[in-house]
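Structural features, examined
The primary structure of each chain is shown beneath.
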Amino acid sequence: MRHLISPLDFSVAELDALMNLAEDIEQNKKKYAHACDGKKLATLFYEPSTRTRLSFESAMLSLGGDVLGFSSAASSSASKGESVADTLRMISCYADICAIRHPKEGAALVGAQAASIPVINAGDGGHQHPTQTLTDLMTIRSLKGRLSDMTVGLCGDLKFGRTVHSLINALVRYPGIRFVLISPAELRVPDYIREGVLEKNSIPYQEVTNLDEAMPLLDILYMTRVQRERFFSEDEYLRMKDCYILDAAKMALARQDMLVLHPLPRVNEIAVEVDSDPRAAYFRQVQYGVYVRMALILTLLEVDAAALS
Ligand code: NCD
């Protein structure tokens with residue numbers, strides 16, 4: 001039995017196979033409409049979510065399966081003091097696979113160790129968010145035609161943004177990837193990413209504070225929200241919240257084939273005027289997220305896609 005806790009739980013070849021499957025799903029939706037008949041997905045969300053939870057639910061429903069779960073810690077037995085391990089042990093009797101989001105780093109791993117069904121990490125605190133990374137990789141691969149040889153700008157809250165941490169971990173495995181890390185000094189990527197991932201793998205990167213200067217260099221610009229819920233003080237958040245705002249004037253500095261990605265939700269960091277720019281890919285990214293989660297559910301449930309017609 002396999003889980004997805006970190007983006008590195010799948011090899012590059014396995015990720016390729018997963019994305020090929022997601023592409024086939026995109027092109028042959030009917031073929032997969034009953035692939036998970038009779039199977040249940042539990043969504044255990046101890047932290048707010050719109051996209052990720054509904055994306056998982058939409059994915060399972062499109063496969064013919066059912067979903068159950070909760071969408072806040074307050075409405076679950078966590079409010080009575082139940083541990084994640086106990087909840088996962090219990091959910092294993094109710095469902096065939098589950099996705100868990102929790103504010104604590106490592107919660108999904110603890111859950112996976114207790115569960116007897118595949119567990120998917122749907123975000124653990126400021127740590128990792130591997131299914132967002134699958135979505136990001138799928139978007140880049142589909143729209144750029146490759147995952148290698150490019151300069152990727154990551155902008156905003158690189159300290160608390162788990163989508164950034166997961167994406168860096170995943171992209172360093174492809175050849176010719178360079179990063180431009182654009183953030184205020186206070187929100188730089190954590191040391192464990194800079195030293196433990198970038199330097200360890202000899203990945204070229206630069207850390208800058210100025211978005212305008214970075215714009216012309218980039219093949220991909222990955223914008224992120226300042227993670228209000230992970231700040232220690234509201235004052236500090238207020239000081240940082242509008243540190244970068246991508247608008248039409250900044251887009252004019254970028255290459256014609258640059259893509260803008262964002263895991264969403266957006267707050268102020270991308271002006272609405274950018275939405276109509278053909279380089280804005282963040283809403284297309286949402287659609288890729290459903291296909292890739294469908295592929296992930298099929299893979300972890302070991303459904304043989306070749307046997308479907
Ligand atoms: C992200 C998350 O939850 O980390 N959202 C998402 O899953 N699409 C990004 C964010 O909340 O800023």
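Residues numbered from 1 in each chain as written. Predicted model: local features only at pLDDT ≥ 70, side-chain atom pairs only at ≥ 80, totals over all residues. Heavy atoms only, no water.

As a further point, take the domain arrangement of the protein chain. Under the domain assignment, the protein chain is made up of domain 1 (7-128 + 289-307) and domain 2 (130-286). A straight line from the C-alpha centre of domain 1 to that of domain 2 covers 25 Å. The interface of domain 1 with domain 2 comprises 32 residues on the first partner and 25 residues on the second. Across the domain 1/domain 2 interface, buried area totals approximately 2,400 Å², and carbon plus sulfur atoms make up 55% of it. (Domains from an automatic or database assignment. Contact = heavy atoms within 4.5 Å. Buried area = accessible area lost by both parts, 1.4 Å probe.)

Before going further, it helps to spend a moment on helix α5 (residues 130-144). The terminal C-alpha atoms of α5 lie 21 Å apart, and with 15 residues this matches the ideal 21 Å at 1.5 Å per residue to within 8%. Taken across its 15 residues, α5 has 13 buried, putting it largely inside the fold. (Helix = DSSP H or I, 4+ residues; strand = E, 2+ residues; numbered from the N terminus. Expected span 1.5 Å × (residues − 1). Buried < 20%, exposed > 50% of the residue type's maximum accessible area, 1.4 Å probe, protein only.)

Between its first and last C-alpha atoms helix α2 (residues 51-62) spans 16 Å; for twelve residues at 1.5 Å apiece the expected length is 16 Å, and the two agree. For α2, every residue scored as buried is listed here: T52, R53, S55, F56, E57, A59 and M60. Of the surrounding secondary structure, the elements contacted by the buried residues of α2 are β1 (40-45), β2 (66-70), β3 (97-102), β4 (119-124), α5 and α11 (282-300).

This part covers the site of the ligand. Taken together, R51, T52, R101, H129, Q132, R162, T163, R225, Q227, P263, L264 and P265 make up the full set of residues near the ligand. Within the contact set of the ligand, an oxygen atom lies 2.7 Å away from a side-chain nitrogen or oxygen of R225. Between an oxygen atom of the ligand and a side-chain N or O atom of Q227, the distance comes to 2.8 Å. Alone, the ligand offers 310 Å² of accessible surface; in the complex the protein occludes 94% of this. If you map the ligand onto the pockets, it falls in the largest pocket. At the level of secondary structure, the elements contributing two or more residues to the shell around the ligand comprise α2 and α6 (162-171). Of the residues in the shell around the ligand, the class split is three nonpolar, five polar and four charged. Residue contributions to the shell around the ligand reach at least three from each of two domains, namely domain 1 (7-128 + 289-307) and domain 2 (130-286). (Near = heavy atom within 4 Å. Polar contact = N/O pair within 3.5 Å; in protein donor to acceptor, adjacent residues only side chain to side chain. Areas by Shrake-Rupley, 256 points an atom, 1.4 Å probe, with all protein chains shown as cover. 1 Å grid on protein atoms, 1.4 Å probe; cavity = no way out; pocket = protein on both sides within 12 Å on 5 of 7 lines; lining within 4 Å. Sits in = over half its atoms within 2 Å of the grid points. Nonpolar A, V, L, I, M, F, W, Y, C, P; charged D, E, K, R; others polar.)

Here we come to the sheet that holds β4. The four strands lie next to each other as β2-β1-β3-β4, forming an open sheet whose pairing is parallel. Only two strands of the sheet have a single neighbouring strand rather than two, namely β2 and β4. Neighbour to neighbour, the strand axes of the sheet diverge by 15 degrees on average, direction disregarded. Bridge count between β1 and β2: five bridges; the pairing is parallel. Opposite L44, over in β2, you have F70 as the bridge partner. (Pairing = 2+ DSSP bridges. Axes fitted to C-alpha atoms, helices over the stretch in contact; angles between N-to-C directions.)

Ranked by internal contacts, the top residues of the largest apolar core, which has 62 residues, are L137, L154, I168, L171, F179 and I297. It is α11 that provides the largest number of residues to this core, a total of ten residues. Structurally, this core is a two-domain feature, drawing no fewer than three residues from each of domain 1 (7-128 + 289-307) and domain 2 (130-286). Judged by nonpolar contacts, the second largest core, of 21 residues, contains V180, V208, M223 and Y282. (Core = buried A, V, L, I, M, F, W, Y, C linked by side-chain atoms within 4.5 Å.)

For the rest of this paragraph, the subject is the pairing of strand β5 (residues 150-155). Across the six residues that make up β5, a large majority, six, are buried. When β5 meets strand β6 (residues 177-182), the two strands line up parallel, connected through six bridges. Bridge pairing in β6 links M150 to I177. As a crossover connection, the stretch from β5 through α6 into β6 is right-handed. Sheet analysis places β5 next to strand β8 (residues 220-223), joined by four bridges and oriented parallel. Looking at the pairing, L154 lines up with Y222 of β8. (Right-handed = clockwise from strand over helix to strand, strands pointing away.)

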